[in-house]
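Okay, here's what each chain looks like letter by letter:
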Amino acid sequence: GNSVTQMEGPVTLSEEAFLTINCTYTATGYPSLFWYVQYPGEGLQLLLKATKADDKGSNKGFEATYRKETTSFHLEKGSVQVSDSAVYFCALTTNFGNEKLTFGTGTRLTIIP
Amino acid sequence: SAVISQKPSRDICQRGTSLTIQCQVDSQVTMMFWYRQQPGQSLTLIATANQGSEATYESGFVIDKFPISRPNLTFSTLTVSNMSPEDSSIYLCSVGTGTGYNEQFFGPGTRLTVL
């Protein structure tokens, strides 16, 4: 079956620090990979995605590269801001018709001014 | 993208009662999904609801507890029946609208507290 293993949290960083949140996966077939973000009191929003090996998803200064050889999709940002404080979920779906998402456990990120 | 609304946004309910959550989408979609997010936990898929067919439930979830309706391509409901405090969660609906349904858009969620 499919599974997503995500870096344990919570993570606390100072503003302008470099961020990495690790995500590895196991899947049957060729998954599409996603990072979703949940800001305090809000629903999930799609942050970025990659649908095939070596694709790089990017949005709002965040990046993640689909690494098939290491089955990873680590989230990075060069300089975090207080407004990036949120819970980040790594997720995948496989193209077998029923596109249900399998989520990681989520990583709570807090940025300190 | 799709704009999704849910009603109610939150509710506090008594043990043994039922609550129906509505999910409305601003465009026609084939696949809708219902998730549960227990406090401090990740999201768990409850069921997939396609218009015109019975919902497909994930392991650990049954229709008697979580009946779902999907009367048209823009609307779905999830009922949480005979509630207990363990049902206290955020319930989210989502829709698949990307190419090959590769991405999903989520509603804002319904925060349910059962006393």
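The paragraphs below set out a description of the structure included in this document. Since the model is a prediction, treat every value here as computed from it, not as a measurement.

## Topic: the interface of chain A and chain B
Contact residues are listed per partner, giving 21 residues for chain A and 19 residues for chain B. Taken together, both faces of the contact between chain A and chain B bury some 1,500 Å²; the carbon and sulfur share is 51%. The tally of links between chain A and chain B comes to 0 salt bridges. In this structure, the connection of chain A to chain B is made through 4 residue pairs in polar contact (both at pLDDT 80 or more). Among the elements of the structure, β5 (32–38), β6 (44–50) and β10 (86–93) of chain A are those that each provide at least two residues to the side of chain A that touches chain B. Looking at the side of chain A that touches chain B element by element, the count peaks at 4 residues for β5(A). Partitioning the side of chain A that touches chain B into residue classes produces 7 nonpolar, 10 polar and 4 charged.

## Things to note about the pairing of strand β11 (residues 110–114) of chain B
Consecutive side chains of a regular strand alternate in pointing toward one face of the sheet and then the other. Residue and element names in this part refer to chain B. Where burial is concerned, the two faces of β11 differ: the one with Thr110, Leu112 and Val114 is buried and the one with Arg111 and Thr113 is not. Pairing geometry for strand β2 (residues 10–13) and β11, over 4 bridges, is parallel. Each residue of the ladder has a partner; that of Arg10, found in β11, is Arg111. Sheet topology places strand β9 (residues 89–96) next to β11; 3 bridges connect them, and they run antiparallel. When the sheet's bridge partners are listed, Ile90 is paired in β11 with Arg111.

## Describing unusual backbone geometry
Note that the residue after A:Gly9, namely A:Pro10, is joined by a cis bond; omega there is -5°. Note that A:Pro10 resides in the loop between β1 (3–6) and β2 (11–14). Omega for the peptide link from B:Lys7 to B:Pro8 comes to -10°, which places this bond in the cis form. A positive phi angle is found at A:Glu16, which is not glycine, with a value near 75°. Within the secondary structure, A:Glu16 is located in the loop between β2 and β3 (19–21). Residue A:Glu16 is classed as exposed on the basis of its relative accessible area of 59%. If you check the backbone angles, A:Asp54 has positive phi at about 75° while not being a glycine. Mapped onto the elements, A:Asp54 comes out in the loop between β6 and β7 (56–59). A:Asp54 sits in the exposed class, given a relative accessible area of 55%.

Parameters at a glance
- Residues numbered from 1 in each chain as written.
- Chains lettered and ligands numbered in written order.
- Predicted model: local features only at pLDDT ≥ 70, side-chain atom pairs only at ≥ 80, totals over all residues.
- Heavy atoms only, no water.
- Contact = heavy atoms within 4.5 Å.
- Buried area = accessible area lost by both parts, 1.4 Å probe.
- Salt bridge = Lys/Arg side-chain N within 4 Å of Asp/Glu carboxyl O.
- Polar contact = N/O pair within 3.5 Å; in protein donor to acceptor, adjacent residues only side chain to side chain.
- Helix = DSSP H or I, 4+ residues; strand = E, 2+ residues; numbered from the N terminus.
- Nonpolar A, V, L, I, M, F, W, Y, C, P; charged D, E, K, R; others polar.
- Buried < 20%, exposed > 50% of the residue type's maximum accessible area, 1.4 Å probe, protein only.
- Pairing = 2+ DSSP bridges.

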